[in-house]
Amino acid sequence: MSPSKNRALLVGVSTYEDKKPPTGVPGDLPAVDHNLTMLRRALLRGGVFDEDSITVCRSPSQDEFNEALHSAAAETDGLLLLYFAGHGATPSSGVPLFLQMRNARVIRGGHTVFHGAVKYDDVQTVLLSSPAERIVVVLDCCYAGNAGVAWEREHEYRDKRRVLLLMSVQANHRIDAGDPATPTPFTAKLVQLLEEPGEWSFRWLSGRMREVMAGQKTMRGEPWVPQSRAEPGEDVLLSARTESGAVPPPRTEPAPLSSRPSRLLKHLRHLRHRAALGTLVLTLTAFAFGTYGLVALVGSSPACAPPLELRVLTDPDLKPMVTSAANTYLTSEENTDGDGCRVSGITVYSARSADVVTALREESEPWQEPRAEETNPQRDIGPQADIWIPGSPAAAQRAEHERDTNPKAWLEVERQPLAYSPVVLAVPTTLPVADQRTGRKLSELIADLRGRADQAEVRRSDPEFADSALFATIGLYDGADRALDVEKQLDQPGPPSDTAAQLLCELPRDDAVDDRTAVLVPEFLLKSGVGCDSQRRSARTAEYPRNVPGLEPTFVRVRWQDGDLDRAARDAAVADFRSWLTDGQGRDAFARAGFREPTGDRLLLDGSGPAPGVLPDPSPLTEAAGRNETETALQAYRAAHGPGRVLFLLDSSGSMASLWDGPSGGPGLLKQSLGGLGGQDEYGVRTVADTPEGDRYETLLPLTTHDREDAVRRIDQAAVRSGADSDPHAALLGALDDMADQGADDRPQLIVYITDSGDHDRMTGGKLDEVLTRAESAGVPVAMVSLRGGACGAGKPDARIAAASGGRCLDADDDIGKGLSAEVERTGLGEDQ
């Protein structure tokens, strides 16, 4: 077997041909030239790439880049690394991302065209045509995080897992290139990490990049947070620099890594002394088996037949614990026959809890035999499970409720859960301690926390992803009038973390945030910890809400139609693993992780005592979640975070004539903001001007969903009503009343009033008071957007209306386009994926 070939293609565009508005890029990027020199040197010292395997492209044209990319993809069968630094650009919708080459030009019209630029989606397609075993992409450009959309919607699951993507900044953010005499800030830190002695993997590097960039700000003035995408369990070695700094001999294998790289690296070093490369690659294949979670089968005697493989699907919060238990079971006596051979192997994997429930209830047929690209649980969740361990029996009840008429899967649910862990409000010990940690509703605990520490924040992970977050949501919504109001009170910038463990790992990126943020997580994590350095995390004290159901891992046997060829052997293997989990060492695995007894007084399973911050007997502990309350909470959460509704009021009175045309005019700003709305979002447009018939406003677009191109054409047809005045009092009252009537479904809503504020003298005294009173009671934020300066000054009507409604005031002294787009993005779902 010939050695695998690694290749690195380093692309940096520092000079551009067209820098003049309106078609040119903002300017040259001299810092990028330093990036290429320093990154090439760091990769050589890392030993994964040699001189012949690194190609540097300085300021290529679009055609030159495409040729280099195709060549690198075709010639690599080991590790393929693509690095790009330069200008990045997106249309107003935010997708796709375009990488701008030397000859880039931007043509704006009905829709934006990027000439001389390469769409990242196309780059990823070319990379996936490569025979490379692993593909790493590093993007250092504005809007780099928008590339995550292309990675997430990649349909070929087995191809997608080859790609590991590191993006310099979160989506829809621009970044500063820094000093022209030095590398860009992101690449400077990247090189610094790669230069450190040791063996560094993609996951380690991406995690460290988020830490070392903490404190930096994007062009918006918001935290600069590098992003990454990789399938669970996927990793790859990127550098193995010696302590002496000497360049090690180049590696010829891509070295895929498990989720525990240090253990595997020791194994690789051992194998390198006793095996030829061909054997090494075969062994690596076994270790890389865990696309869904690594439970290795390496080590069985050659005389043994391959063990029967059990597929265990579990809740994402439970996956580390279940994987650890399965690893222990594999080498236990209970899983070994009289000849010393393993009886069964186990693959542990996880997926979004809501997706698993939907698939088992409605999509078992395409799960067994996928027929359509849009519905393929084998791709989106994983293989057909033999065992499902959800976070509670309620998940299984939801999966069995109103099932499809032709199910291919059946569930056998154990009556008694495997263990129990309450969902707690974990408060940093840096904040004052509560006098009463048990017996109160979650809303009372949060109010008390904020009362004794007004800077305190509260966060929760994604209720659609893991059951513990859904249970926390039940408590948050208990007694609240609107889920949307509750969600606004959570201090979660951007999308929520997928799991409770991920949430705990993300907080230490900013020590100040970590020290003031309480999190809703399963209690067991306060003992077993999570996959990040516990020494860097704030210690926390658990508070126990009485209205939040606890986590109850439940054993569910999944049977499939026509899956009975090895039924007896598979049933026996499942029964043995279940018995081990409930009566044998499996109980010890739950104890070590910090779980409690599943019934009775629910004391901690571990007799050694509670972890710091945990109460040994925090009665009363809440009973299991029910199907109805979990479904109700999930529906309310989806409504609060689902499709939005925006009503635009466009001042079309005569005073707007000089502020009407062009991208910065009233209609132009409105059209730009539509990028934050997608096909599921509802929006409408009213033109505000007095008519001869006595109307104060007219409907240009009804409040419903729209085709974007049709909506833009209708807006382009709007015109100023020469000589007419506007009546902001009547327009705002009408909008607030109509939106309040629409708001029964609790979806995100927004009113946008684009005006020159020229007729606001018609809204004074009692009329202004009436608008302010209605704005306070309607529960709909109003974005007042004035095309004149000074309208948002203290005490001005625009500022007072925005404040009364909980909205935002923007005037000509601000970047109106950016600010308005941000407000609309927060309300809508954006372009359909």
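Residues take numbers from 1 onward in each chain, read along the sequence in its written order. The model is predicted, so local features are restricted to residues of pLDDT at least 70 and side-chain atom pairs to those at 80 or more, both for listing and for counting; the totals for chains, interfaces and linings are taken over all residues. Hydrogens and waters are ignored; side-chain quantities use all the structure's heavy atoms.

Asks: Explanation requested: helix α28 (residues 797-805) in the structure shown.
Replies: Here α28 has its buried residues at D798, A799, I801, A802 and S805. Seen along its axis, α28 keeps its buried residues to an arc of 165°; they face one direction. Looking at the buried side of α28, the elements it contacts are α26 (728-742), β25 (749-755), α27 (765-778), β26 (782-786) and β27 (808-810). Comment: elements are numbered from the N terminus, with helices defined as DSSP H or I runs of at least four residues and strands as E runs of at least two. Immediately beyond the C-terminal end of α28, within one or two residues, lies G806, with a positive phi of roughly 80°. Relative accessibility under 20% of the residue-type maximum defines a buried residue, over 50% an exposed one, and the middle range a partly exposed one, all with a 1.4 Å probe and only protein chains included. For this quantity, the arc is that covered by the directions from the helix axis to the C-beta atoms. Note on definitions: a residue-residue contact is assigned when non-hydrogen atoms from the two residues lie within 4.5 Å.

Asks: What am I meant to see in the sheet that holds strand β22 (residues 645-651) here?
Replies: What holds strands together in a sheet is hydrogen bonding between their backbones, with the strands either parallel or antiparallel. Strand pairing requires that DSSP identify at least two bridges connecting the strands. Spatially, six strands are ordered β24-β23-β22-β25-β26-β27 in an open sheet, and the strand pairing comes out mixed. Lying at the two open borders of the sheet, with one neighbouring strand each, are β24 (697-704) and β27. Neighbour-to-neighbour, the strand axes of this sheet turn through a mean angle of 10°, independent of strand direction. Taken together, the seven bridges between β22 and strand β23 (residues 682-688) define a ladder with parallel strand orientation. What sits directly across from L647, in β23, is G684. Here an angle of 0 to 180 degrees is reported between the N-to-C directions of two axes, which are lines fitted to C-alpha atoms, with helices fitted over the stretch in contact. Strands in contact with helix α29 (residues 816-827) are β22, β25, β26 and β27; relative to β27, the strand with the most contacts, it is inclined by about 155°.

Asks: What am I meant to see in the sheet that holds strand β6 (residues 113-119) here?
Replies: Spatially, three strands are ordered β4-β5-β6 in an open sheet, and the strand pairing comes out antiparallel. Each end of this open sheet is capped by a strand with a single partner; those strands are β4 (88-89) and β6. Direction of pairing for β4 relative to strand β5 (residues 98-107): antiparallel, over a ladder of two bridges. Bridged to G88 within β5 is L99. The sheet contacts of helix α2 (residues 62-74) involve β5 and β6, and relative to β6 the element is tilted by about 20°. Sitting on the sheet, helix α3 (residues 120-128) is in contact with β5 and β6, with an inclination near 30° to β6.

Asks: When you look at the environment of T187 in this model, what are you seeing that I'm missing?
Replies: As for its position among the elements, T187 is in helix α6 (residues 185-194). Put simply, T187 and V138 are 49 residues apart on the chain and 9.6 Å apart in space, counted from C-alpha to C-alpha. In contact with T187, not counting residues within four places along its chain, are N35, Y83 and D140. By the criterion applied in these results, polar contacts are pairs of N or O atoms within 3.5 Å in which, for protein atoms, one can donate a hydrogen and the other can accept it, and in which residues neighboring in sequence qualify only through two side-chain atoms. Engagement of the side chain of T187 in a polar contact is seen with the side chain of Y83, the distance being 2.6 Å.

Asks: Where do I start with the side chain of D681 in this structure?
Replies: If you trace the backbone, D681 turns up in the loop between α24 (666-673) and β23. Taking the relative accessible area as the measure of exposure, D681 reaches 0% and is therefore buried. Only 2.7 Å separates the side chain of D681 from the backbone nitrogen of G644, close enough to count as a polar contact. Only 2.7 Å separates the side chain of D681 from the backbone nitrogen of G678, close enough to count as a polar contact.

Asks: Looking at this structure, I do not really get the packing of aromatic side chains. What am I missing?
Replies: Centre-to-centre distance and the angle between the planes together describe a pair of aromatic rings. Only rings of Phe, Tyr and Trp enter the pairing, Trp through its six-membered ring, and a pair is recorded when the two centres are within 6.5 Å. The plane angle decides the type: under 30 degrees is stacked, over 60 is edge-to-face, the rest tilted. This model, assessed by the stated rule, comprises eight aromatic pairs. For the ring pair F524 and F595, a centre distance of 4.4 Å and an interplane angle of 20° mean the geometry is stacked. One end of the pair, F524, is in the loop between β19 (517-522) and α20 (525-528); the other, F595, is in the loop between α22 (585-593) and α23 (627-640), with 71 residues separating them in the sequence. Its relative accessible area of 0% is what places F595 among the buried residues. Plain terms: the ring middles of F577 and W580 are 6.3 Å apart, the flat faces sit at 15° to each other, and that makes the pair stacked. Residue F577 and its partner W580 are both found in helix α21 (residues 567-583); the two are separated by three residues, about one turn of the helix. Note on accessibility: F577 and W580 belong to one class, buried.

Asks: How do you make sense of unusual backbone geometry when you look at a structure like this?
Replies: Negative phi characterises most residues that are not glycine, and trans characterises most peptide bonds. Residue P620 is reached from S619 by a cis peptide bond, and omega for that bond is 0°. With respect to the secondary-structure elements, P620 resides in the loop between α22 and α23. At Y143, a residue that is not glycine, the phi angle is positive and equals roughly 65°. Within the element layout of this structure, Y143 appears in the loop between β7 (134-140) and α4 (147-152). If you check the backbone angles, S757 has positive phi at about 60° while not being a glycine.

Asks: Is there a simple way to explain the nonpolar core in this structure?
Replies: A general trend in soluble globular proteins is that nonpolar side chains are found buried together. Ranked by internal contacts, the top residues of the largest apolar core, which has 78 residues, are I346, L425, F577, L581 and F595. In this structure L581 touches A325, I389, L418, F555, G586, R587 and F590, once residues within four positions along its chain are discounted. Membership of the second largest hydrophobic core comes to 71 residues, among which are A68, L80, A104 and L190. Grouping buried Ala, Val, Leu, Ile, Met, Phe, Trp, Tyr and Cys residues that are joined through side-chain atoms within 4.5 Å yields what is termed a nonpolar core.

Asks: Would you take a moment to explain the packing of α2 against α3 for this structure?
Replies: Between two packed helices, what matters for the description is the angle formed by their axes and the separation of those axes. Two numbers describe how α2 lies on α3: the axes approach to 8 Å, and their chain directions differ by 30°. With respect to α3, the axis of α2 lies roughly parallel. Of the residues in α3, those in contact with F65, L69, H70 and A73 of α2 are V123, V126 and L127. Tallied by class, residues from the contact of α2 with α3 come to six nonpolar, one polar and no charged. Angles below 35 degrees are treated as roughly parallel, those above 145 as roughly antiparallel, those between 65 and 115 as roughly perpendicular, and all remaining angles as oblique. Note that Gly is not counted as nonpolar here; it falls among the polar residues with everything else outside the nonpolar set of Ala, Val, Leu, Ile, Met, Phe, Trp, Tyr, Cys and Pro and the charged set of Asp, Glu, Lys and Arg.

Asks: Can you help me understand the state of the cysteines in this one?
Replies: Put plainly, a disulfide is one covalent bond tying together the sulfur atoms of two cysteines. Here, two cysteine sulfur atoms that lie within 2.5 Å of each other are counted as a disulfide. Tallied over the entire structure, the rule returns one disulfide. Covalent S-S linkage joins C792 and C809, the inter-sulfur distance amounting to 2.0 Å. Of note, the bridge from C792 to C809 carries an S-S torsion of about -90° and is left-handed in sense. Taken as a pair, C792 in the loop between β26 and α28 and C809 in strand β27 lie far apart in primary sequence, 17 residues in all. Among the residues examined, C792 registers a relative accessible area of 22% and is labelled partly exposed. With no disulfide partner, C141 has as its closest neighbouring cysteine sulfur the one in C142, 7.1 Å distant.

Asks: Quick question: what am I supposed to make of the pattern of salt bridges here?
Replies: Where charged atoms from two side chains of opposite charge approach closely, those side chains can pair. What makes a salt bridge here is a side-chain nitrogen of Lys or Arg within 4 Å of a carboxyl oxygen of Asp or Glu, nothing more. Across all of its chains, the model carries 47 salt bridges by this definition. Its salt-bridge partner being R40, residue E51 comes within 2.4 Å of it at the nearest N-O pair. Here E51 is found in the loop between α1 (30-46) and β2 (54-58), whereas its partner R40 is found in helix α1, with eleven residues between them in sequence. The closest approach of N and O atoms between E464 and R638, which form a salt bridge, is 2.6 Å. Of the two residues, E464 is situated in the loop between β18 (457-460) and α16 (467-477) and R638 in helix α23; the sequence distance between them amounts to 174 residues. Among the residues examined, E464 registers a relative accessible area of 17% and is labelled buried.

Asks: Mind showing me how you'd approach the pairing of strand β3 (residues 79-85) here?
Replies: Regular strands have side chains that alternate between both faces of the sheet. Of all seven residues making up β3, seven are buried, and the element is well covered by its neighbours. On β3, burial covers both faces: L79, L81, Y83 and A85 on one face and L80, L82 and F84 on the other are all buried. In this structure, strand β1 (residues 7-12) lies alongside β3, joined through six bridges in parallel fashion. Note on β3: the bridge partner recorded for L9 is L82.

Asks: For this particular structure, what's the right way to read the pairing of strand β20 (residues 540-545)?
Replies: Here β20 lies mainly inside the structure; six of its six residues are buried. A two-sided burial pattern is seen for β20, the buried positions comprising R540, A542 and Y544 on one face and T541, E543 and P545 on the other. The pairing of strand β16 (residues 423-428) with β20 spans four bridges and is classified as antiparallel. Within the sheet, the bridge partner assigned to L425 lies in β20 and is E543. Taken together, the two bridges between strand β17 (residues 438-440) and β20 define a ladder with parallel strand orientation. Residue R440 lies in a different strand from β20, and its bridge partner there is P545.

The quantities given are spatial measurements derived from coordinates; they are silent on function.
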